[in-house]
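# Examination of the molecular architecture
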Number of protein chains: 4
Amino acid sequence: MSRLAKRRKELVVSLMKDGIYEAAVRVLMERGAEGLTMDRVAESAGVAKGSLYNYFRSKRELLQFIHEKTIEPAKDFLAEVRAASMPAAEKLQTVVRMWLEHFATNRGIFDFLFNDPRTREVMEDCKRSSRLEGIEELRSFFEQGIAEGAFRPIDTQRTAEMFLGAVILTMEQQLMLNLNRPAEESAAALLDLFLNGLRPQA
Amino acid sequence: MSRLAKRRKELVVSLMKDGIYEAAVRVLMERGAEGLTMDRVAESAGVAKGSLYNYFRSKRELLQFIHEKTIEPAKDFLAEVRAASMPAAEKLQTVVRMWLEHFATNRGIFDFLFNDPRTREVMEDCKRSSRLEGIEELRSFFEQGIAEGAFRPIDTQRTAEMFLGAVILTMEQQLMLNLNRPAEESAAALLDLFLNGLRPQA
Amino acid sequence: MSRLAKRRKELVVSLMKDGIYEAAVRVLMERGAEGLTMDRVAESAGVAKGSLYNYFRSKRELLQFIHEKTIEPAKDFLAEVRAASMPAAEKLQTVVRMWLEHFATNRGIFDFLFNDPRTREVMEDCKRSSRLEGIEELRSFFEQGIAEGAFRPIDTQRTAEMFLGAVILTMEQQLMLNLNRPAEESAAALLDLFLNGLRPQA
Amino acid sequence: MSRLAKRRKELVVSLMKDGIYEAAVRVLMERGAEGLTMDRVAESAGVAKGSLYNYFRSKRELLQFIHEKTIEPAKDFLAEVRAASMPAAEKLQTVVRMWLEHFATNRGIFDFLFNDPRTREVMEDCKRSSRLEGIEELRSFFEQGIAEGAFRPIDTQRTAEMFLGAVILTMEQQLMLNLNRPAEESAAALLDLFLNGLRPQA
DNA sequence: TATGAATGAGCGTTCATTCAT
DNA sequence: GATGAATGAACGCTCATTCAT
């Protein structure tokens, strides 16, 4: 097969995988994680069930693909921010805003990815769960902040966990109550609370 | 049927439901959410599968019951604390410590209740998810704190969400990493962060 | 459950298994080994597919049951003959006649049991393939014959193999050509050939 | 199309079929009869799956081809021996030795050809199964032997069946027990038994 | 002619639910 | 009320065959 033909084929495969991905996300939104069956994905993608298996060896593999595809942009952005020279607080704010925006556009997928037990297995198979990675990244921000003298010398592991928890539940609540809060505003509230605490300043 | 007979009957029904609940929890711990089948619940409870349907109209209803039964003590305690005359910060700390302790002793059930998609559906069917209730309760603490002048006049809804998120992820992380942190310590860290924030105090 | 009820239940289960066995054999005859699907067995038995799994944990287990059920009478008879005090040649003749009769009434099942690769796997799982057992039994007859001085001191293993092969192919040929030879006659021909050989006697 | 072009085309087709045959046999040895899928044959042959259908109308037809191709040398040799001027007993011995040798070098193919139910169907479709042919050939030897006065006037049909059965099971046993008996030796044992029988000679 | 993606019927198996006893 | 066998729709997955390129 010519080089060109190979490229074309790769493109077609990629487009099909994307199509199946979108179909899967559609099913996910409509029927929930439990309702994500290969039959429905096939129907939603407008292909025969057997065809799914030309692109993904198993449901598991499809799940992994969904996970990676969804998480990828967020991960890339995180790495970018980490590398940037910026005060820790600003990094936190930037990342949180991005997450909230990304979440706003992807809605329920995140819920599924972070919480569905089956997906979690898959994640662990990947050996680096997204959540763990996220916490790791956040820790680095807190460590930077402490080094800069901008943050108190708190337990960075715990703090990262609490922070991520706050972000996730903010997202989920938005989903559950069907709200449409501006990401900007939510990010600001989060930062204000974590930076300054509840106590009135002296 | 006499009034007495009715009472007796109610009691028997209640005992059966409790027995089934315990069996279900046992199955849950041993086989995970995926493995919670009516067959296994029946076997573990020592009754016939069909009998389950005399006490719960469907698996869904059994799930709801498990959820309520598990969450109940936490809810009761929350109401108690709410009614107590105590500063808001102390109330927060008390509740968090209790939750973490309750979680530590119930481990996997919580994971299932908070995260399994099937359960989540059920929760939404209840129309008042535990999470929403929890947030409501927390809001009341924050409102009290603001009224007392102990807290800044922040957005109580958002703050409650972030706080609960921080608590939940703290729990889940403990589960995922198989840690055994003392509830006392975790509660203290949480409170310190939320009260005083990250910034060094002037 | 009372002793009586238990007995009754066992009887019912046994009847169901027999019914499924018969249905499976029917399917086997009509559609061949390849066509033996759980769907068809269920349909032929007049039960739902799922019901099969109340009596057999898997298709494999059903296959084993068919195998055992079919082979059992032949095995029992073999043991009986072995234990009897009878010259070796007569034992051989008796067994062959029985096999051929049993075969005549069970027709194609034997074919399936002796030859289908899937069944053979199952047999090996049983750890004692019928064929191997059959050869073992025959060997004992040849050894007896040699000890009695009735047979030449030939290699009993090889002889048993050849003898069983001759019996099996005689059966199969009957099936393939749809013949209806009397078992008696076939047994006599077999014995005559194996005892006296092809060469004219001096 | 010119006569020459036609010849060339036929040659190419023939080569392709041979290539596919070899690939199929390879798959057969590696994955067993159950694992003989068109996909794997295509991959092993280094052609596209669809191309198989340019040379064989169906899997069934491919199976037939494998069968014929494998049996062909044995058949040719049989015809040769038949035509030779040789005593019947010697012919038998020659043929048996050849079969056992051919079998030893082709091992699992034979198992598949003689025993796999799918193949068996195909054989019956051919309307003249190899087995029937083999029996026919053997009969001719026995008839010759009787005519020569070397054999008793036994029933040649039955004798041919028993003889073939003895040969086949000898082969299969070798396969099942993973033995490596010399063909020469097995052939000798077979002939000795069939010629002289079990009884001690006077 | 060669290709290989698309197809869809079919597979063995599971399990919430029903219902005759 | 208790039982547990019967049910059948649904599941993830396979693979011989077709057909547009």
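Attention in this report is confined to the structure presented alongside it. Nothing here was measured: the structure is a model prediction, and the numbers come from that model.

## Section: a negative patch on the surface
All names here are of chain A. On the surface, Glu-68, Glu-72, Asp-76 and Glu-80 cluster together into a patch of negative charge. By the element assignment, Asp-76 lies in helix α4 (residues 59–83). Relative accessible area serves as the criterion here: at 46%, Asp-76 is assigned to the partly exposed category.

## A closer look at the environment of Met-16 of chain D
Residues and elements named next belong to chain D. As for its placement among the helices and strands, Met-16 is situated in helix α1 (residues 3–31). The class for Met-16 is partly exposed, based on a relative accessible area of 26%. Sequence-wise, Met-16 and Tyr-55 are 39 residues apart; in three dimensions their C-alpha atoms are separated by 7.7 Å. The residues contacting Met-16, other than those within four sequence positions of it, are Val-47 and Tyr-55.

## Brief notes about the interface of chain C and chain D
Many descriptions give the size of an interface as the accessible area lost when the pieces come together. The partner chain D presents 47 residues to the 47 residues of chain C that form the contact. A buried area of about 4700 Å², summed over both sides, lies between chain C and chain D, and 56% of it is on carbon and sulfur atoms. On the chain C side of the interface with chain D, the three residues burying the most area are Arg-152, Arg-158 and Leu-198 of chain C, jointly 18% of the side's total. Taken together, the connections running from chain C to chain D amount to six salt bridges. Connecting chain C to chain D are 14 residue pairs in polar contact (both at pLDDT 80 or more). Looking at the side of chain C that touches chain D, the elements with two or more residues in it are α6 (108–115), α7 (117–125), α8 (130–148), α9 (156–176) and α10 (183–196) of chain C. It is α9 of chain C that contributes the most residues to the side of chain C that touches chain D, 14 residues altogether. Considering only residue class, the side of chain C that touches chain D consists of 22 nonpolar, eleven polar and 14 charged.

## Focus on the protein's contact with DNA strand F
Around DNA strand F there are 32 residues in total, and Thr-37, Lys-49 and Lys-59 of chain A, Ser-51 of chain B together with Tyr-55 of chain C lie nearest to it. The sugar-phosphate portion of DNA strand F accounts for 62% of its atoms within 4 Å of the protein, the bases making up the rest. Here Tyr-53 of chain A contributes a side-chain N or O atom positioned 3.0 Å from a phosphate oxygen of DNA strand F. Broken down by secondary-structure element, the contributors of at least two residues to the surface near DNA strand F are α2 (38–45) and α3 (49–55) of chain A, α3 (49–55) of chain B, α1 (3–31) and α3 (49–55) of chain C together with α3 (49–55) of chain D. Its residues placed into classes, the surface near DNA strand F shows 13 nonpolar, eleven polar and eight charged.

## Side note on the relation of the copies chain B and chain A
For the pair of chain copies, the relating transformation is a rotation about an axis with a translation along it. By a simple turn and slide, chain B fits onto chain A: the slide is 0.1 Å along the axis, the RMSD is 1.2 Å, and the turn is 174 degrees. On the angle and the small slide along the axis, the relation comes out as a two-fold axis. Minimal C-alpha distance to the rotation axis in chain B is attained by Gly-197 of chain B, lying at 1.4 Å. A share of 98% of the interface residues of chain B reappears at the interface of chain A, consistent with the copies meeting face to face through the same patch.

Criteria and thresholds
Residues numbered from 1 in each chain as written. Chains lettered and ligands numbered in written order. Predicted model: local features only at pLDDT ≥ 70, side-chain atom pairs only at ≥ 80, totals over all residues. Heavy atoms only, no water. Patch = residues over 30% accessible without salt bridge, like charges linked within 9 Å, V, L, I, M, F, W, Y side chains within 5 Å. Areas by Shrake-Rupley, 256 points an atom, 1.4 Å probe, with all protein chains shown as cover. Salt bridge = Lys/Arg side-chain N within 4 Å of Asp/Glu carboxyl O. Lys, Arg positive; Asp, Glu negative; His and termini not counted. Charge placed at Lys NZ, Arg CZ, Asp CG, Glu CD. Helix = DSSP H or I, 4+ residues; strand = E, 2+ residues; numbered from the N terminus. Buried < 20%, exposed > 50% of the residue type's maximum accessible area, 1.4 Å probe, protein only. Contact = heavy atoms within 4.5 Å. Buried area = accessible area lost by both parts, 1.4 Å probe. Polar contact = N/O pair within 3.5 Å; in protein donor to acceptor, adjacent residues only side chain to side chain. Nonpolar A, V, L, I, M, F, W, Y, C, P; charged D, E, K, R; others polar. Near = heavy atom within 4 Å. Least-squares fit on C-alpha atoms with pLDDT ≥ 70 in both.

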